[in-house]
Amino acid sequence: MSHNSHWTLRANTSIVTLVQRLLDPTLAVLLLVILAHFYAIPFTTSLQLFALTVFLLILPVFKATGMYRPYRSLAARLLAIRFVLGWSIVMGLMLFIGFATKTSMIFSRALILTWSCSVPMVLLVVHFLVWAMLRQIRISGRNSKSAVIAGVNQVSLDLAEQIRECKDLGIRLSGFFDDQSPSELPDVPMVGKLSEVPDYVRQHHIDVVYLACAADDEPRFAELIEALQDTTACVYFVPSLLMYSLMHGRSYEINGVPLISIWEIPFSDLQYVFKRAIDVVLSGLALVVLSPVMTVIAMAVKLSSPGPILFKQRRYGLNGQEIIVYKFRSMTVMEDGGAVIQATRGDRRITPLGGFLRKTSLDELPQFLNVWQGRMSLVGPRPHAVAHNEMYRKLISGYMLRHKVKPGITGWAQVNGCRGETETLDKMKRRIDYDLEYLKNWSLSLDIQILLKTAFVFLKDQNAY
């Protein structure tokens, strides 16, 4: 394919994607026009500017919350959560703009209220209809693609398993090709040798070929790629590096040189801005609302046992930089050296009040100040003492990857039962696995889910002591 035709293909794809994404803001503005006509309200310049602002906000906000990921990769419930989150952010920004510019009073309250309630219902129905229609079409076998996999290894077996389980992907897998016959395969036949792939693709009108190439197979696959240029099939390269723990695995290029990210920060600059905005607003609100409770706890800590009110400990933050984390003191010791002993059940170092604070997680409340300062986030991997980091980074592969984001007050591991003492290496590894899973699948909607689950988990959790 020539450079010009390649550019044209990318341009056409971008145009289609842009049209799809413009549908949401267009429908929102169109609904505002219809409702204004219904209420007999002139569509004045101020209302036009309001509509333009909404139009410009919807696209980046919905994109940041993950609304425009492929439908086939989303569950219906997750799609709804992301949509509600995105629309809530848009309306929150519009309220802020109206308050800051002192223009909120010039609009009809009836119109804006009806419109703001109608838009999410209309857009969500449209998205669900499209989502359900595409899913049903693919499940029924229409709008599907036939595919084969060249090369048998762990990566290609995992790929086949995903294709087989996710019927709505719309991919019909015909079989494997390899020069060696493996002992075990999923419910997919072994079709032939690698050299037979081009002829099979032409004869059976195969749409997609997945090349699962290991490093030592490169010469054979180079010949296969050359031969596949004489077919009309789309060819995708599935590198063996996918066997490693990729963090998002985005693709890039530098002046035409292709790159695949293995580890990187899991969100874009715009998504970071939204995440930080949520942290600042909610942590500030929490500090104000909980200030009476924190005052009472501070007095109780001071009066119940000798020592400072706050326990300050060095922990690792973003990119492994040391930060100071605050907690209400719950023990008689202030360990922050080369050896830090975790609290255990019946630990004599825990004060009577401290036991209650740790059980209810009230000792963590001062960390809202860490979030407001920017050292931590509301949601993220829980920070560990520096001594524990230095120990576990040598024992658990990928341990330090959890520091690619700010540590959190709560996290995916905590709402999945990984809270409290990690007296065995397996328990810590399980916690790290959840942390890395969070980084791979991060989205604003996932953060909201974790925050909502946290209250229920912490109220009934028996692991904290």
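Residues numbered from 1 in each chain as written. Predicted model: local features only at pLDDT ≥ 70, side-chain atom pairs only at ≥ 80, totals over all residues. Heavy atoms only, no water.

Engineer: What should I look at first to understand the pattern of salt bridges in this one?
Structural biologist: Pairing of side chains with opposite charge becomes possible as their charged atoms draw close. A complete count under the given rule lists 10 salt bridges for this structure. For the salt bridge of Glu322 with Arg314, the shortest nitrogen-to-oxygen distance reads 3.1 Å. Take Glu322: its relative accessible area is 47%, and that puts it in the partly exposed class. Classification of Arg314 by relative accessible area gives partly exposed; the value is 25%. For the salt bridge of Arg402 with Asp435, the shortest nitrogen-to-oxygen distance reads 2.8 Å. Here the residue Arg402 occupies a position in the loop between helix 12 (386–392) and strand 11 (408–410), and Asp435 occupies one in helix 13 (residues 425–440), the gap between them amounting to 33 residues. Here Arg402 matches Asp435 in class, with each residue buried. (Salt bridge = Lys/Arg side-chain N within 4 Å of Asp/Glu carboxyl O. Buried < 20%, exposed > 50% of the residue type's maximum accessible area, 1.4 Å probe, protein only. Helix = DSSP H or I, 4+ residues; strand = E, 2+ residues; numbered from the N terminus.)

Engineer: How do you make sense of the packing of helix 8 (residues 269–289) against helix 9 (residues 291–304) when you look at a structure like this?
Structural biologist: Remark: helix 8 packs on helix 9, axes separated minimally by 4 Å, with the N-to-C direction vectors making an angle of 60°. Comparing the axis directions of helix 8 and helix 9 gives the class oblique. Touching Ala286, Leu287, Val288 and Val289 of helix 8 are Ser291, Pro292 and Met294, all from helix 9. Here the residues of the contact of helix 8 with helix 9 are counted per class, giving six nonpolar, one polar and no charged. (Axes fitted to C-alpha atoms, helices over the stretch in contact; angles between N-to-C directions. Parallel < 35°, antiparallel > 145°, perpendicular 65-115°, else oblique. Contact = heavy atoms within 4.5 Å. Nonpolar A, V, L, I, M, F, W, Y, C, P; charged D, E, K, R; others polar.)

Engineer: Would you mind going over the pairing of strand 9 (residues 322–328) with me for this structure?
Structural biologist: Looking along a regular strand, one sees side chains alternate from face to face of the sheet. The buried count for strand 9 comes to five of seven residues, which makes it a mostly enclosed element. Pairing between strand 8 (residues 310–316) and strand 9: seven bridges, direction antiparallel. By the bridge assignment for strand 9, Gln313 is matched with Val325. (Pairing = 2+ DSSP bridges.)

Engineer: Can you walk me through the nonpolar core in this structure?
Structural biologist: Side chains of a nonpolar character, in soluble globular proteins, are inclined to be buried together. Membership of the largest hydrophobic core comes to 66 residues, with the highest contact counts inside it found for Phe50, Trp87, Trp115, Phe328 and Tyr438. Ranked by residue count, the leading element in this core is helix 2 (residues 45–64), at nine residues. Not counting the four nearest positions on each side in its chain, Tyr438 is found in contact with Lys275, Val379, Gly380, Pro381, Trp412, Leu446, Asp447 and Ile450. Listed in part, the 15 residues of the second largest apolar core include Val201, Cys213, Phe221 and Ala233. (Core = buried A, V, L, I, M, F, W, Y, C linked by side-chain atoms within 4.5 Å.)

Engineer: I tried to follow the packing of aromatic side chains on my own but got confused; where do I start?
Structural biologist: Two aromatic rings are characterised by how far apart their centres lie and by the angle between their planes. In the structure shown here, the tally under the stated rule is seven aromatic pairs. For the pair Phe50 and Phe107, a centre-to-centre distance of 5.2 Å together with 55° between the ring planes defines the contact as tilted. Highlighted residues: Phe50 in helix 2 and Phe107 in the loop between helix 3 (76–101) and helix 4 (109–139), separated in sequence by 57 residues. There is no split in this pair, since Phe50 and Phe107 are both buried. (Phe/Tyr/Trp six-rings, centres within 6.5 Å; stacked < 30°, edge-to-face > 60°.)

Engineer: Would you take a moment to explain helix 9 for this structure?
Structural biologist: For an α-helix, 3.6 residues make a turn, and residues three or four places apart therefore share a direction. An ideal rise of 1.5 Å per residue puts 20 Å on 14 residues; helix 9 measures up with 20 Å between its terminal C-alpha atoms. Considered for burial, the residues of helix 9 that qualify are Met294, Ile297, Ala298 and Val301. Projection of helix 9 onto a plane perpendicular to its axis shows the buried side chains occupying an angular sector of 105°, all on one side. Opposite the packed face of helix 9, turned more than 90 degrees from it, sit the exposed residues Val296, Met299 and Leu303. (Expected span 1.5 Å × (residues − 1). Arc of directions from axis to C-beta.)

Engineer: What am I meant to see in empty space enclosed by the protein here?
Structural biologist: The method is simple in principle: a probe with the dimensions of a water molecule rolls over the atoms, and the space it marks as empty is what remains. A complete count under the given rule lists three cavities of 30 Å³ or more for this structure. Here the second largest cavity is characterised by a volume of approximately 80 Å³. Elements with a minimum of two residues in the lining of the second largest cavity: helix 8, strand 10 (377–379) and helix 14 (444–460). A per-element tally of the lining of the second largest cavity places helix 14 first, with four residues. In terms of residue class, the lining of the second largest cavity is made up of six nonpolar, one polar and three charged. (1 Å grid on protein atoms, 1.4 Å probe; cavity = no way out; pocket = protein on both sides within 12 Å on 5 of 7 lines; lining within 4 Å. Points joined across faces, edges and corners; volume = space filled by probe spheres on them.)

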